[in-house]
Amino acid sequence: EKPQKPIQVRYLADDITVEALRRVLEHNDNGIGVIKDELSGWVNSFDVYRSSKQGSKDRADYCELYQGGNKIFDRAEKGCTFVPNWSASIMGFIQPGPVKRNFGNVTDDGMLARFLVCHGRRQGRGVDRKPDFTVINAYHGLIKQLSEIRPKDGESEIFKFSPEAMKYREAIHTTCEHVQVLPNSSEALIAHLSKWEAAFCRITLVYHIIEAVSAGQYPGPLVTENTARMAATLMIDFLLPNSVRFYNDTIDDGENGSHARWIAGYILSNHLETIGSRDVQSNYRPLRNKRKEIARTMDTLELAGWIAPSKTKKDGKITIWSVNPKVHTLFAQRAEEESLRRATEKEKIQRAIKAFQSKGEGE
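Residues numbered from 1 in each chain as written. Predicted model: local features only at pLDDT ≥ 70, side-chain atom pairs only at ≥ 80, totals over all residues. Heavy atoms only, no water.

Colleague: Teacher, can you tell me more about the overall build of the protein chain here?
Modeller: The number of helices and strands found in the protein chain is 14 helices and 10 strands. Buried positions account for 33% of the 363 residues belonging to the protein chain. Look at the contacts in the protein chain between residues 6 or more apart in sequence, and 62% of them connect residues 24 or more apart. Per element, the accessible surface of the protein chain, about 23900 Å² overall, is 52% carbon and sulfur. (Helix = DSSP H or I, 4+ residues; strand = E, 2+ residues; numbered from the N terminus. Buried < 20%, exposed > 50% of the residue type's maximum accessible area, 1.4 Å probe, protein only. Contact = heavy atoms within 4.5 Å. Areas by Shrake-Rupley, 256 points an atom, 1.4 Å probe, with all protein chains shown as cover.)

What follows is the structure, given as structure tokens:
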């Protein structure tokens, strides 16, 4: 009798197509992680085996991974395939430049909006130190416990927020509403924030299960206030500034971004320790007498960590901001280049004025 082919338990995948992912998830109903060193290569692999690229079937299938749930694939050659949980967590790295080029129109299908983004930065050469094996072993032990945990009765379980935890879910919802109605919030950022309420529930659930497993317990039915607070803090204090920066600078690169870049250059070229609303109006014509636009632009720089409020009026309006000293260190070369560029532009303008004056006198 022909032996039955054993099921291969999988947790991770790297170089994988939608067809291969279907076969993996057919027998791994917990879903898997797709880890890509370069997300641009992953996007460019869509529909690589199809003669027609119209509609990008792969892209649609990948978008459905976000929601999970069962999925039926009907193929002429292979018949019907039932996937109990069409679900995967996709993580990877990409440079700012290729994002818009590779992901196309970001509001078309919401693929990019499904990603939680953060900006990496260099931390120097690092420190040569002995690994902390206590932490490393605890981490690997936790991952093993998480991989083995199953619902008690074999069925999916429902977790609920405690009454105290619900206020943090409401806080996420309110924060998203406030950001979405801002005049400088683009359609792409609004589409991304529309996924946040679901993302908050997912992150909170991850924290909830990790806390229980770490304590050697089975997760209780109620999510506590402390767990919800941790998830909300992560999203508002870390993910939100990163998302705003990503969509304003990398994706939209709109007028607000250009204003922020000019002010950043002005700060660097003049080695400013503080900057006020009057400074901006006096030196930058596009924002002259436009206090609301100045405030929105300064908010962008504040989220990016360049400035912090220093002086506020009684009505709550910020008039002066202190400059983060680190920007002058990190962008020292940029400051020199900016000073030279501005001096060159100023000289060009003066020459142009003289030329027009000479021409007027000649006429």
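Colleague: Is there a simple way to explain the sheet that holds strand S8 (residues 274-276) in this structure?
Modeller: In sheet architecture, strand pairing relies on hydrogen bonds along the backbone and comes in two forms, parallel and antiparallel. The strand order across the open sheet built from three strands is S8-S10-S9, with neighbouring strands paired in antiparallel fashion. Of all strands in the sheet, those with a lone pairing partner are S8 and strand S9 (307-312), marking the two edges. This sheet shows a mean twist of 30° between the axes of neighbouring strands, independent of strand direction. (Pairing = 2+ DSSP bridges. Axes fitted to C-alpha atoms, helices over the stretch in contact; angles between N-to-C directions.)

Colleague: Quick question: what am I supposed to make of the nonpolar core here?
Modeller: Proteins that are soluble and globular tend to have nonpolar side chains buried together. Ranked by size, the top nonpolar core spans 27 residues in total, and within it Ile172, Leu193, Trp196, Phe200 and Met235 carry the most contacts. Each residue touching Ile172, except ones within four places of it in the same chain, is listed here: Trp196, Phe200, Ala232, Met235 and Ile236. Counting 23 residues, the second largest nonpolar core, distinct from the first, contains Ala20, Leu21, Val24 and Leu25. (Core = buried A, V, L, I, M, F, W, Y, C linked by side-chain atoms within 4.5 Å.)

Colleague: Help me out: how do you make sense of the packing of aromatic side chains in this one?
Modeller: Two aromatic rings, taken as a pair, are described by how far apart their centres are and by the angle between their planes. Considering all chains together, one arrives at seven aromatic pairs under this definition. Ring centres of Phe161 and Phe200 lie 5.8 Å apart, and the angle between their planes is 5°; this geometry places the pair in the stacked category. Of this pair, Phe161 sits in strand S6 (residues 160-161) while Phe200 sits in helix H8 (residues 196-214), and the two are 39 residues apart along the sequence. We note that Phe161, like Phe200, is buried. (Phe/Tyr/Trp six-rings, centres within 6.5 Å; stacked < 30°, edge-to-face > 60°.)

Colleague: What is the right way to look at the sheet that holds strand S2 (residues 32-36) in this model?
Modeller: With respect to topology, three strands assemble into an open sheet ordered S1-S2-S5, the strand pairing being parallel. The open sheet has two free edges, formed respectively by strand S1 (12-13) and strand S5 (88-92), since each of these has just one partner strand. In this structure, S1 lies alongside S2, joined through two bridges in parallel fashion. Within S2, the residue paired with Ala13 across the bridge is Val34.

Colleague: I'm lost on unusual backbone geometry in this one. Help?
Modeller: With the exception of glycine, most residues fall at negative phi, and the peptide bonds are largely trans. For His271, which is not a glycine, the phi torsion comes out positive at approximately 50°. Tracing the chain through its elements places His271 in the loop between helix H10 (255-269) and S8. Here His271 falls in the exposed class, since its relative accessible area comes to 55%. Look at Asn289: it is not a glycine, yet its phi comes out positive at around 60°. Relative to the helices and strands, Asn289 is located in the loop between helix H11 (277-283) and helix H12 (291-303).

Colleague: Help me out: how do you make sense of the environment of Thr233 in this one?
Modeller: Structurally, the position occupied by Thr233 is in helix H9 (residues 225-252). Since its relative accessible area comes to 38%, Thr233 is described here as partly exposed. Along the chain, Thr233 and Ile172 lie 61 residues apart, while their C-alpha atoms are 9.6 Å from each other. There is a polar contact of 2.8 Å between the side chain of Thr233 and the backbone oxygen of Arg229. (Polar contact = N/O pair within 3.5 Å; in protein donor to acceptor, adjacent residues only side chain to side chain.)

Colleague: Would you explain the layout of surface pockets in this entry?
Modeller: Where empty space is left can be seen by rolling a probe of water-molecule size over the atoms. Space inside the second largest pocket adds up to approximately 410 Å³. In terms of lining, the second largest pocket is formed by Ser277, Arg278, Arg291, Lys292, Ile294, Ala295, Asp299, Lys313, Lys317, Ile318, Thr319 and Trp321. Elements represented by at least two residues in the lining of the second largest pocket include exactly H11, H12 and strand S10 (318-323). The leading source of residues in the lining of the second largest pocket is H12, at five residues. A breakdown of the residues in the lining of the second largest pocket according to their chemical character gives four nonpolar, two polar and six charged. (1 Å grid on protein atoms, 1.4 Å probe; cavity = no way out; pocket = protein on both sides within 12 Å on 5 of 7 lines; lining within 4 Å. Points joined across faces, edges and corners; volume = space filled by probe spheres on them. Nonpolar A, V, L, I, M, F, W, Y, C, P; charged D, E, K, R; others polar.)

Colleague: Looking at this structure, how should I read the packing of helix H6 (residues 166-180) against H8?
Modeller: The description of two helices packed together rests on the angle between their axes and the distance between the axes. Running from N to C, H6 and H8 cross one another at 150°; their axes reach a closest spacing of 9 Å. In terms of axis orientation, H6 runs roughly antiparallel to H8. Seen along the crossing, H6 lies across H8 with a hand that is right-handed. Two secondary-structure elements touch here, H6 through Tyr168, Arg169, Ile172, His173 and Cys176 and H8 through Trp196, Glu197, Phe200 and Cys201. (Parallel < 35°, antiparallel > 145°, perpendicular 65-115°, else oblique. Left-handed = near helix turned anticlockwise from the far one by under 90°.)

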